[in-house]
Amino acid sequence: MSDIALRVRRHRGLGFGLVAWLAGIVFFLPIAWMALTSFHSEADAAANPPSFGASLTLDGYREFFGSGGGASPWPALINSTVASLVSTLCVLLLALPAAYALSIRRVRKWTDVLFFFLSTKMLPVVAGLLPIYLFAKNTGMLDNIWLLVVLYTSMNLPIAVWMMQSFLAEVPVAVIEAAQIDGARLPTILARVVAPIALPGIAATALICFIFSWNELLFARVLTGVVAETAPVFLTGFITSQGLFLAKVCAASLVISLPVLAAGFAAQDKLVQGLSLGAVK
């Protein structure tokens, strides 16, 4: 390869890297602004134009955690944690054998099955809100965290099956056949053979399902009240008729976003491996 071609490739890579950095900064700026505003007083947070050199304070976080006599956020955070973790676990337990049947030991008309899973995501969520509300009311399940667990599991299961089907398609069939020759049954094959090989894909699927469950607001807002209130619903309580308290809202938004950011940071290597699995042959 000539020096000119190498120079062109080097300049092109530098340009792509610069664009990637600029895009990252653009996406990071709102989060950085939210974090900075959360450490300002309400007067400084509402100043126009913004005061960059304003003094920093923890009053927004103190009020969020109830030191000013407000409601405690811990029940809502615990409810979101329970609903997100339990529903994600249920999704993985159901999606793994389903994806196995659609990718490795394919059932008849498996493409039609995949399309059916995808078609369930085409229905607008709000269209099913009233029937689900009436069902929950008649069965006494309103303001119940386990109703949210069932709903989040059913909502995330189609996308999880789609993702894991593509991940499990990369598992070598010879390894599974060797395990079957050794006398391993299906549960053992799924737990000790398929799951370790497809671990990056499973981690990526779990992270996405966790994020979807943690951020869900519509069903949680309509179907819960006090007992099963989730963190996003608790966050909307800071927007009142008395006004919008920016510092407090930014502090609450940052705290509620931390579990998702922490999970994404902890599983970033598995997420990249999982989302790129099978992209390069």
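To start, this report covers the structure provided alongside it. (Residues numbered from 1 in each chain as written. Predicted model: local features only at pLDDT ≥ 70, side-chain atom pairs only at ≥ 80, totals over all residues. Heavy atoms only, no water.)

Some details on a nonpolar patch on the surface
What counts, and what does not: A patch is a set of surface residues, each over 30% in relative accessible area and not in a salt bridge, joined within 9 Å for like charges and within 5 Å for the nonpolar side chains Val, Leu, Ile, Met, Phe, Trp and Tyr. Areas reported as accessible are Shrake-Rupley estimates using a 1.4 Å probe. Residue values count occlusion only from the protein chains shown. Any Lys or Arg side-chain nitrogen found within 4 Å of a carboxyl oxygen on Asp or Glu counts as a salt bridge. Segments assigned H or I by DSSP are reported as helices when at least four residues long, segments assigned E as strands when at least two residues long, and all are numbered from the N terminus. The cut-offs for exposure are 20% and 50% of the maximum accessible area for each residue type, with area from a 1.4 Å probe on protein chains only; residues under the lower value are buried, those over the upper are exposed, and the others partly exposed.
Side chains of Phe115, Leu118, Met122, Ile159, Trp162 and Phe212 sit close together on the surface and give an oily, nonpolar patch of about 580 Å² of accessible area. Elements represented by at least two residues in the nonpolar patch include exactly helix H5 (110-119) and helix H7 (145-168). Tracing the sequence through the fold places Trp162 in helix H7. We classify Trp162 as partly exposed; its relative accessible area is 32%.

With respect to helix H13 (residues 246-266)
Under the convention used in this document: The span expected for a helix works out to 1.5 Å for each residue beyond the first. Throughout, bend refers to the angle between the axes fitted to the seven residues that end at a position and the seven residues that start at it.
Between its terminal C-alpha atoms H13 stretches 29 Å, which fits the 30 Å expected from 21 residues at 1.5 Å a residue. Maximal helix bending in H13 amounts to about 35 degrees, located at Leu258; proline Pro259 follows within four positions. Restricting attention to buried positions, one finds in H13 the residues Ala247, Lys248, Val249, Cys250, Ala251, Ala252, Ser253, Leu254, Val255, Ile256 and Val260.

Describing the layout of surface pockets
To find leftover empty space, one rolls a probe the size of a water molecule over the atoms. How we decide: Here a cavity means grid points, on a 1 Å grid over the protein atoms only, where a 1.4 Å probe fits yet cannot get out; a pocket means an open set of points with protein on both sides within 12 Å along at least five of seven lines; lining residues are those with an atom within 4 Å of a point. Grid points are joined across faces, edges and corners, and a volume is the space filled by probe spheres set on the points. Lys, Arg, Asp and Glu make up the charged group, whereas Ala, Val, Leu, Ile, Met, Phe, Trp, Tyr, Cys and Pro make up the nonpolar group; the residues left over, Gly among them, are polar.
Computed from the structure, the largest pocket encloses a volume of approximately 370 Å³. Taken together, 17 residues form the lining of the largest pocket, with Thr120, Leu123, Val125, Met155 and Phe219 sitting closest to its centre. Taken together, the elements giving at least two residues each to the lining of the largest pocket come down to H7 and helix H10 (199-215). When residues of the lining of the largest pocket are assigned to their parent elements, the largest contribution, 6 residues, is made by H7. Of the residues that constitute the lining of the largest pocket, the class distribution is 10 nonpolar, 5 polar and 2 charged. Considering only enclosed or pocket space, the second largest pocket measures out at about 190 Å³ in volume. Taken together, Ile31, Met34, Trp214, Asn215, Leu235, Ser253, Ile256, Ser257, Val260 and Leu261 form the lining of the second largest pocket. If you list the elements that add at least two residues to the lining of the second largest pocket, you get helix H1 (3-38), H10 and H13. Residue contributions to the lining of the second largest pocket peak at 5 residues, all from H13. Its residues assigned to classes, the lining of the second largest pocket comprises 7 nonpolar, 3 polar and no charged.

What about the environment of Ala71?
For clarity, the cut-off: Contacts: residue pairs with any heavy atoms within 4.5 Å of one another.
Within the secondary structure, Ala71 sits in the loop between helix H3 (59-64) and helix H4 (74-103). A sequence separation of 166 residues divides Ala71 from Gly237, and the C-alpha atoms of the two residues are 9.9 Å apart. Not counting chain neighbours up to four residues away, the residues in contact with Ala71 comprise Phe64, Gly66 and Phe234.

Let's talk about unusual backbone geometry
At Asp143, a position not held by glycine, the phi torsion is positive, near 55 degrees. Residue placement: Asp143 occurs in the loop between helix H6 (129-138) and H7. Taking relative accessible area as the criterion, Asp143 reaches 24% and is therefore assigned partly exposed.

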